[in-house]
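Geometric and topological summary
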Amino acid sequence: TGHFTYDPGFTSTASCESKITYIDGEQGTLLYRGYPIEQLADHGDFLETCYLLLYGELPTKAQKDDFVHRVTYHTMIHEQMSRFFTGFRRDAHPMAIMVGTVGALSAFYHDSTDISDPHQRMVASLRMIAKMPTLAAMAYKYHVGQPFVYPRNDLDYSSNFLHMCFAVPCEDYKVNPVLARAMDRIFILHADHEQNASTSTVRLAGSSGANPFACIAAGIACLWGPAHGGANEAALNMLAEIGSVDNIPEYVRRAKDKDDPFRLMGFGHRVYKNYDPRARIMQKTTHEVLAELGMRDDPLLEVAIELERIALNDEYFVEKKLYPNIDFYSGITLRALGFPTTMFTVLFALARTVGWIAQWKEMVEDPSQKIGRPRQLYTGYPSRDYMPISQRR
Ligand code: CMC
């Protein structure tokens, strides 16, 4: 009963209007506020992309300087937060730490939980973009048992992040600009992707008026799954499991077998049915990073290139329009940068935070916004009478 459409997985339901990101899955197009992802990745930087997503326009030089200054001002987290970290088991998955600590920010920044005030909404947005690298680096440091490294506000966003992750007190550490640029590009590529599962989660959580820190924590929880942000971790683990090009045919056979649940991780996308434009840029970045680090002969890269070649020529993958997605190559790059696989989804969350927050702001500022409330198709029992326990069999 009722006048609604049954659409599991929302494959044909638009949940909102948005001016932020445009995807054309048939053409393999991705635009942030109208700008092609290729141009932003080649010529822009991550903080400029953040400004664009939040404000709708590329900044002038003065606007950019001011924005960078304001984000930088918020990079520290309250010192008490470091004690929050030590409550986690030392082998905790960094994503578990992120879900907890980002949610906990709501308790530290009560002022910016007032979502009715536009100024506070912007302060919350800047705080989140500024503090995510600090929290992500702390999750990493905790995970590997090293002391936390404070943010360095003389460094750019991505260099500061690499510094917080990889500097150790007893050694000189200088960020390699080629690697920092690659990190920045990875952040740009992941910054937004319209109404995917985690972004829809953020919007749904926010539609009740929940504070933005709690909404982003909900998005992080959703991103964690292997069908979404966890795919880069899963893709790299799969490449390692395949191990050598000789084993590829067996894995391709399994991926095609209806009775085998195995899927080629890093292949396929709900929207891109031609090619994931981010995958192409990512592939280029992977080669740049491996060349810089003298790792051109990386065996996993060899497996990846061969697997891509075989799959792109295989009838099953062609027919189902399954192409490598961004996660297929990002794992190899992140590993080369020095991150363990457990950090991959954390890096995705760091980058996607701006997209989540831009989408949250757009929703809160939309006068037609309503609380999200999907309907259901009830398939349970009709009404029946309560039976005393003595009479149940
Ligand atoms: N390997 C083998 N077969 C596949 C794969 C794969 N990776 N992906 C889809 N298929 C098959 C699937 O079995 C189905 O076959 P059939 O029509 O015979 O039942 C058909 O292709 C359509 O798949 P679907 O699961 O109905 O498509 P979807 O749009 O619901 O799923 C997806 C998209 C990305 C979840 C899926 O392709 C997948 O599980 N890929 C592997 C995980 C992955 O790489 N995820 C990252 C997504 S991109 C980053 C992000 O957005 O977070």
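Since this is a predicted model, take the numbers as computed values, not measurements.

1. Some words on the site of the ligand
If you check the shell around the ligand, you find 20 residues, and the closest are His228, Arg263, Leu264, Gly266 and Arg270. Here phenylalanine 267 contributes a backbone N or O atom positioned 2.9 Å from a nitrogen atom of the ligand. A distance of 3.0 Å separates an oxygen atom of the ligand from a polar atom in the side chain of asparagine 325.

2. Comments concerning the sheet that holds strand E1 (residues 21–24)
The sheet built from three strands is open, its strands ordered E1-E2-E3 with antiparallel pairing. The open sheet has two edge strands with one neighbour each: E1 and strand E3 (35–36). In terms of strand pairing, E1 meets strand E2 (residues 29–32) through four bridges, oriented antiparallel. Directly across from tyrosine 22, in E2, lies its bridge partner leucine 31.

3. Quick notes on the environment of aspartate 24
Turning to its location among the elements, aspartate 24 is positioned in strand E1. Along the backbone, aspartate 24 and asparagine 274 are 250 residues apart, and their C-alpha atoms lie at a distance of 9.5 Å. Within polar-contact distance, the side chain of aspartate 24 engages the backbone nitrogen of glutamine 27 at 3.1 Å.

4. Observations concerning the pairing of E2
In this structure, the hairpin formed by E1 and E2 is closed by a connection of four residues, where glycine 28 is found at a positive phi of approximately 70°. Summarising the sheet, E2 and E3 pair through two bridges and their orientation is antiparallel. Paired with leucine 31 across the bridge in E3 is proline 36.

5. A closer look at the side chain of aspartate 260
Tracing the backbone shows aspartate 260 in the loop between helix H12 (248–256) and helix H13 (277–292). Residue classification places aspartate 260 among the buried positions, given a relative accessible area of 17%. Engagement of the side chain of aspartate 260 in a polar contact is seen with the backbone nitrogen of phenylalanine 262, the distance being 2.9 Å.

6. Quick word on the confidence of the model for the protein
Confidence in the prediction for the protein averages 93 pLDDT; 99% of positions are at 70 or higher. Interface confidence for the predicted complex, expressed as ipTM, amounts to 0.91; the pTM equals 0.92.

7. Here we look at the environment of phenylalanine 108
Positionally, phenylalanine 108 belongs in helix H5 (residues 94–108). Judged by relative accessible area, phenylalanine 108 falls into the partly exposed class, the value being 24%. Linking phenylalanine 108 and isoleucine 77, residues 31 residues apart in sequence, is a C-alpha distance of 9.0 Å. Discounting chain neighbours no more than four positions away, the residues touching phenylalanine 108 are His78, Gln80 and Met81.

8. Quick notes on helix H11 (residues 231–242)
Under the 1.5 Å per step criterion, the end-to-end length of H11 is 16 Å for 12 residues, consistent within 8% with the ideal 16 Å. Of all the 12 residues making up H11, nine are buried; the element is thus mostly covered by neighbouring parts of the structure. Turning to H11, its buried residues are Ala231, Asn232, Glu233, Ala234, Ala235, Leu236, Met238, Leu239 and Ile242. Turning to H11, the residues buried within the fold contact H12, helix H14 (299–312), helix H16 (326–337) and helix H17 (344–364).

9. Notes on unusual backbone geometry
You will see that phenylalanine 10, though not glycine, has its phi angle at about 50°, which is positive. With respect to the helices and strands, phenylalanine 10 occurs in the segment before E1. Taking relative accessible area as the criterion, phenylalanine 10 reaches 56% and is therefore assigned exposed. Positive phi values are uncommon outside glycine, yet arginine 33 reaches one of about 50°. Relative to the helices and strands, arginine 33 resides in the loop between E2 and E3.

10. Quick look at helix H2 (residues 46–55)
Of all 10 residues in H2, nine are buried, a share of seventy percent or more. Phe46, Leu47, Glu48, Thr49, Cys50, Tyr51, Leu52, Leu53 and Leu54 are the residues of H2 that are buried. Capping of H2 at its N-terminal end is provided by aspartate 45; its side-chain oxygen lies 3.2 Å from the backbone amide nitrogen of leucine 47. Glycine 56 lies just past H2 and shows a positive phi near 95°.

11. Examining the pattern of salt bridges
Evaluated as defined, the whole model comprises 18 salt bridges. Between arginine 89 and aspartate 91 there is a salt bridge, and its shortest N-O distance comes to 2.9 Å. You can call aspartate 91 partly exposed: its relative accessible area is 47%. Connected via shared salt-bridge partners are Arg121, Lys361 and Glu365.

Thresholds applied
Residues numbered from 1 in each chain as written. Predicted model: local features only at pLDDT ≥ 70, side-chain atom pairs only at ≥ 80, totals over all residues. Heavy atoms only, no water. Near = heavy atom within 4 Å. Polar contact = N/O pair within 3.5 Å; in protein donor to acceptor, adjacent residues only side chain to side chain. Pairing = 2+ DSSP bridges. Helix = DSSP H or I, 4+ residues; strand = E, 2+ residues; numbered from the N terminus. Buried < 20%, exposed > 50% of the residue type's maximum accessible area, 1.4 Å probe, protein only. pLDDT = per-residue confidence, 0-100. Contact = heavy atoms within 4.5 Å. Expected span 1.5 Å × (residues − 1). Salt bridge = Lys/Arg side-chain N within 4 Å of Asp/Glu carboxyl O.

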